[in-house]
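# Results of the structural survey
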Amino acid sequence: MNGTNGEVWTLAEVRDGKMHSVSRELLAWGRELADDLGAPLASVVMGGGVKDAAAELIKYGADKVYVVDSPEFKDFRADIIVNTLEKLTDKYMPSILIASATTRGRTLMPLLSARLGCGLTADCTEMAIDNESKRLIQTRPAIGGNVMADIKTKGRDPQMCTVRPKSRRPLAADESRSGEVICETVPADALMSLLTYIGFEPEKTVGLPLQEAELIVAGGKGMKNAKNFAKLEELASLLGGTVGASRMAVDLGWAPYSAQVGLSGKSVTPRVYIAFGISGAVQHIAGMSGAETIIAVNHDPEAPIFRVADLSIQGDAMETLNALIDAVKARKQ
């Protein structure tokens, strides 16, 4: 089906029985598109014991919430989730399906796209409805982030895309909103998994996960070596923040890929972003420019990151970092 009046869907995520923050962020993207189309906005929730948690999505912008509540969804198994999404999309024929570019979203959406024969645009930075065709215009970086490409999906609906976590703030909760929670069941064969769940081992990081952090202390090649880079963890711990890294720091082995900020890493929107020894390649800036306050430390007065910084400090990254650590410790004492 290649329609324009179908519902706009978002794919909610449940972690440890609780609604993940990306579920609310996606509704902020979807609400604008649904209003432009004059279509309902719906969210799809799959998990074990999630019906009550799913209802909260109404106050964050959803008109409907489709809930598949089954113990089989307690653990993340991609095949049964894709089977279920295929059944639901064939039944309701949404025009648009948006997911977050989390590990889960990046796993599920390509599988579903191949199963349905739909187009998929990854890591969109903007979305809009074309006034004439009423089709979705999906904007994303291309050619290493040097251009922004506008994409229209051909073929059957839904038009599928992913957006980076923290790329848009959730709408304010409206307790007066009303909506419909629809409990769905799927055939038993859809819940038959070829995967065996072994377990889950959380990543060991300083502070919150990068995309949930309100304060990020990030480092780049200007930190000079791995030992110096490790000092960022000390400052992050003192300030209650999380450590981030440029792609160069990750390529040099000073930080894990999970800490990488930028187009090829994570997009972040903390309240404060402190960058030590990061020159500010366009790909990195694209991933952190949404921070409320940016503080940059670099010895090069022409460093591109100074163009987006709220506070620029020209100087040696390590000297500044050590001085700041000492100052914070003295203040705490």
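Keep in mind that this is a model prediction, so the values were computed, not measured.

All right, on to unusual backbone geometry then. That bond from aspartate 157 to proline 158 is cis: its omega, 5°, falls within 30 degrees of zero. With respect to the helices, strands and loops of the structure, proline 158 is situated in the loop between β10 (147–151) and β11 (159–163). For methionine 93, which is not glycine, the phi torsion reads 50° and is therefore positive. By the element assignment, methionine 93 lies in the loop between α3 (78–92) and β6 (96–100). Even without glycine at this site, lysine 134 takes up a positive phi of about 60°.

In a structure, side chains of opposite charge can pair up when their charged atoms sit close to one another. Taken as a whole and judged by the stated rule, the model has 22 salt bridges. In this structure, arginine 31 engages aspartate 63 in a salt bridge whose closest nitrogen and oxygen atoms are separated by 3.0 Å. With arginine 31 in helix α1 (residues 21–37) and aspartate 63 in the loop between α2 (51–54) and β5 (64–69), this pair connects stretches of sequence that are 32 residues apart. Residue arginine 31 is classed as buried on the basis of its relative accessible area of 14%. The exposure class of aspartate 63 is partly exposed, given its relative accessible area of 22%. Ionic pairing is found between lysine 59 and glutamate 175, a salt bridge with its closest N-O pair at 3.4 Å. A residue pair is termed long-range when its members are at least 10 positions apart, and lysine 59 in the loop between α2 and β5 and glutamate 175 in the loop between β11 and β12 (180–183) qualify at 116 residues.

Thresholds applied
- By convention here, each chain's residues receive numbers from 1 onward along its written sequence.
- Local features in this predicted model are restricted to residues whose pLDDT is 70 or higher, and side-chain atom pairs enter the listing and the counts only when it is 80 or higher, whereas totals over whole chains, interfaces and linings include all residues.
- Excluding hydrogens and water, the side-chain figures rest on all heavy atoms present in the structure.
- Elements are defined by DSSP. Helices are runs of H or I of four residues or more, strands are runs of E of two residues or more, and each kind is numbered from the N terminus.
- Should a side-chain nitrogen of Lys or Arg be within 4 Å of a carboxyl oxygen of Asp or Glu, the pair is scored as a salt bridge.
- Only protein chains enter the area calculation, which uses a 1.4 Å probe; residues under 20% of their type maximum are buried, those over 50% are exposed, and those in between are partly exposed.

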